[in-house]
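Structure assessment
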Amino acid sequence: MVLDISYSVIQVTLLSLYVSGCATFLGSAIGIPLGALIGLREFGGKGLLKTVTYTLYGFPPVISGLVIYYLFSRAGPLGSFGILFTPTAMILAETLLVIPLTTGITISSVTEVDRSIKDTIISLGANRRQSVLTVLREAWVGVVMAAMIGFGRCIAEVGAAYMVGGNIQGETQVLTTAIMMETRLGRFDYAVGLGVVLLGVAMAVFLFLRYLQEKEVL
Amino acid sequence: MTAPVSLKKVTKRFGDVTALDATDLEVNAGEVFGIVGPSGAGKSTLLRVIDLLEAADEGGISVLGKSADPASKEADQIRLQIGMVHQKPVVLNRSVANNLAYPLMIRGWDQARIQTSVDRELKRLGLEDRRGKNARTLSGGEMQRISFSRTTIFSPKLLLLDEFAANLDPANVALLEGMVREYMDEDPSRATILVTHNLFQAKRMCDKVGLMWGGRFVETTDMEKFFQAPDDERTAAFVKGDLVY
């Protein structure tokens, strides 16, 4: 019994890390370049776009779950992919939650890089692509912070994961949905234990990201 | 030989403010050209226009024999031959060695060549023992020396100095001025434009000097004439040290 529970906790924890990690990676891969482009270029409607992005920080997970559910349900336009109630659907739903965060925080971070630094980078001969990369590097602390906050949102998220994952034991059950289920079953000890694991995992990941933040990586 | 910098009737406005008002300027190869004048005269804007960081509203600009819109790829190519040092030291958030290597990396130099050049510069700056330190942890003088070396390490044809030695102690000023002389002595086709509030520095370093006033040059002439027998009464007052503005 103890071995079963331990195995189950490890499996659920690893799936939580996998889903949150992939969603953070995808959300950062889309949001960070997008944020850099919005932050560093001047164009009409930029203010409105920033406002929309910041508003989406509060994008409800159930809406994200609903969108993915609709798209990938059997009758939905992408139903043929058959990914509903799989970790892939959970990753996509959580990616939708991460993108506004990584985009918005990157916009703020690159905007805050001093103009004299941006001018110096261009003056030293950097082309458009090189200057964007260098400014991103100057905003490194903020960029890693964007990924950290994105990961924090994913690992703590329950609504979207439940809707499109279904909380299937051994298949799509993650720490948050497992805590919810155990609480409903009245197994509070087990739920609290999972909560401690969740916090421990989050702390370990944040410590790693903090290490990256402080290190000169390039 | 084409003048490295040639400006004809260049005007630049920021809203209602006219920073450059039909400004003319010609800087020849081998020259250190000094620009002096009161604050707000348009000196820094002029350097930004020459460095293709700002687009002029009117007039003709030729830098190193070429003209280009600052947002174009041609401007990126021209900028590869220009170096600019600002009053405030600007170092990137990376090690001293990586700051010096940055302009070489973006020019696609191979690693061995970058290493050789960086080692040479570190030795010249006396900062060999600080190569791995984050440049932002150094003193203002050291940071400005790094800014200067990072600007000349790729051997630009044109050097723009915007009050580059202001707020530094005499030892650092002497060192940086010496580095400018070395830079000019290495290649007679190079040119330097020096914006300064320090008339003694203009005397020490410049071949020609121009006084900017209200967005245009009121007088540009040889250094000796500028200080000893200027034609314009505003230049005479400025050189004399009267509080003109």
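Predicted, not measured: the structure shown is a model, and the values here were computed from it.

In this section: the overall build of chain B. Helix and strand content of chain B: nine helices and nine strands. Taken over the C-alpha trace, chain B has a radius of gyration of 18 Å; the compact-globule value for 245 residues is 18 Å, and the two agree within 12%. Along the first, second and third principal axes, the C-alpha atoms of chain B reach 55 × 40 × 35 Å. Taken across its 245 residues, chain B has 42% of its residues classed as buried. Restricting the contact set of chain B to residue pairs at least 6 apart, pairs at least 24 apart contribute 66%.

This part takes up the packing of helix H5 (residues 140–152) of chain B against helix H6 (residues 170–186) of chain B. A packed helix pair is summarised by two numbers, namely the angle formed by the two axes and the spacing between the axes. Residues and elements named next belong to chain B. H6 packs onto H5 with a crossing angle of 5° between their chain directions and a minimal axis gap of 10 Å. In terms of their interaxial angle, H5 and H6 are classed as roughly parallel. Contacts from Gly141, Gln144, Arg145, Phe148 and Thr152 of H5 reach H6 at Asn172, Leu175, Leu176, Met179 and Tyr183. Among the residues forming the contact of H5 with H6, the class breakdown is five nonpolar, four polar and one charged.

Turning our attention to the interface of chain B and chain A. Counting residues at the interface gives 17 residues for chain B and 13 residues for chain A. Contributing elements (two or more residues each) for the side of chain B that touches chain A: helix H2 (73–79) and helix H3 (96–106) of chain B. Top contributing element to the side of chain B that touches chain A by residue count: H3(B), with three residues. Among the residues forming the side of chain B that touches chain A, the class breakdown is eight nonpolar, three polar and six charged.

Here we come to the pairing of strand E2 (residues 17–27) of chain B. All names here are of chain B. Sheet analysis places strand E1 (residues 5–14) next to E2, joined by seven bridges and oriented antiparallel. Among the inter-strand pairings, valine 5 is bridged to a residue of E2, identified as valine 27. Between the antiparallel neighbours E1 and E2 lie two residues, among them glycine 15 with a positive phi of about 65°.

A word on helix H7 (residues 140–155) of chain A. Over its 16 residues, H7(A) runs 22 Å from end to end, which matches the ideal 22 Å to within 8%, given 1.5 Å per residue. Of all the residues in H7(A), the buried ones are A:Gly142, A:Val143, A:Val144, A:Met145, A:Ala146, A:Ala147, A:Met148, A:Gly150, A:Phe151, A:Arg153, A:Cys154 and A:Ile155.

On to the nonpolar core. If you look at the biggest cluster of nonpolar residues, it comprises 117 residues, and the most contacted ones within it are B:Val5, B:Leu160, B:Ile193 and B:Leu194. Sorting elements by how many residues they give to this core places helix H4 (residues 87–112) of chain A first, with 13 residues. Built from parts of two domains, this core gets at least three residues from each of domain 1 (5–91 + 142–240) and domain 2 (92–137) of chain B.

The next thing to look at is the confidence of the model for chain A. On average, residues of chain A carry a pLDDT of 92, and 95% of them reach 70 or more. The element-level mean pLDDT for chain A is lowest in helix H1 (residues 2–40) of chain A, coming to 89, with H4(A) highest at 97.

Moving on: the domain arrangement of chain B. Residues and elements named next belong to chain B. You can read the domains of chain B as domain 1 (5–91 + 142–240) and domain 2 (92–137). For domain 1 and domain 2, the distance between their C-alpha centres works out to 26 Å. The interface is formed by ten residues belonging to domain 1 together with 14 residues belonging to domain 2.

The subject of this paragraph is the sheet that holds strand E6 (residues 158–162) of chain B. Residue and element names in this part refer to chain B. Pairing in this open sheet of six strands is mixed, and the strands run E5-E6-E7-E3-E8-E9 from one edge to the other. Edge strands, defined here as strands with exactly one partner in the open sheet, are strand E5 (82–85) and strand E9 (216–222). Across the sheet, the axes of successive neighbouring strands diverge by a mean angle of 15°, strand direction being ignored. Sheet topology note: the strand E3 (residues 32–36)/strand E7 (residues 191–195) ladder contains four bridges and is parallel. Paired with phenylalanine 33 across the strands is isoleucine 193, a residue of E7. Each of E3, E5, E6, E7 and strand E8 (208–213) touches helix H1 (residues 43–50); the most contacted strand, E7, lies at about 150° to it.

So, on to the sheet that holds E1(B). Residues and elements named next belong to chain B. Ordered in space as E2-E1-E4, the three strands form an open sheet in which the pairing is antiparallel. A single partner strand is all that each edge strand has here, and the edge strands are E2 and strand E4 (58–63). The sheet shows a mean angle of 25° between the axes of neighbouring strands, direction not considered. Relative to the sheet, H1 contacts E1, E2 and E4, its axis offset from that of E2 by approximately 60°.

Moving on to the environment of B:Ala229. Locating B:Ala229 in the fold gives a position in the loop between helix H8 (223–228) and helix H9 (233–240). For B:Ala229 and B:Glu128, which are 101 residues apart along the polypeptide, the C-alpha to C-alpha distance reads 46 Å.

All names here are of chain B. As for its position among the elements, serine 149 is in helix H5. Given 23 C-beta atoms within 10 Å, serine 149 falls into the buried group. When sequence neighbours within four positions are dropped, the list of residues in contact with serine 149 reads Leu100, Glu121 and Leu125.

This part covers unusual backbone geometry. Excluding glycine, residues mostly have negative phi values, and the peptide bonds linking residues are mostly trans. Although it is not a glycine, A:Asn167 adopts a positive phi angle of roughly 55°. Checked against the element boundaries, A:Asn167 lands in the loop between helix H8 (159–165) and helix H9 (175–184). Positive phi, close to 55°, is recorded for B:Ser155, a residue that is not glycine. Its place among the elements puts B:Ser155 in the loop between H5 and E6.

Each value, and the rule that gives it
Residues numbered from 1 in each chain as written. Chains lettered and ligands numbered in written order. Predicted model: local features only at pLDDT ≥ 70, side-chain atom pairs only at ≥ 80, totals over all residues. Helix = DSSP H or I, 4+ residues; strand = E, 2+ residues; numbered from the N terminus. Rg over C-alpha atoms; globule rule 2.2 N^0.38 Å. Buried ≥ 20, exposed ≤ 12 C-beta atoms within 10 Å, placed from the backbone. Contact = placed C-beta atoms within 7 Å. Axes fitted to C-alpha atoms, helices over the stretch in contact; angles between N-to-C directions. Parallel < 35°, antiparallel > 145°, perpendicular 65-115°, else oblique. Nonpolar A, V, L, I, M, F, W, Y, C, P; charged D, E, K, R; others polar. Pairing = 2+ DSSP bridges. Expected span 1.5 Å × (residues − 1). Core = buried A, V, L, I, M, F, W, Y, C linked by C-beta atoms within 7 Å. Domains from an automatic or database assignment. pLDDT = per-residue confidence, 0-100.

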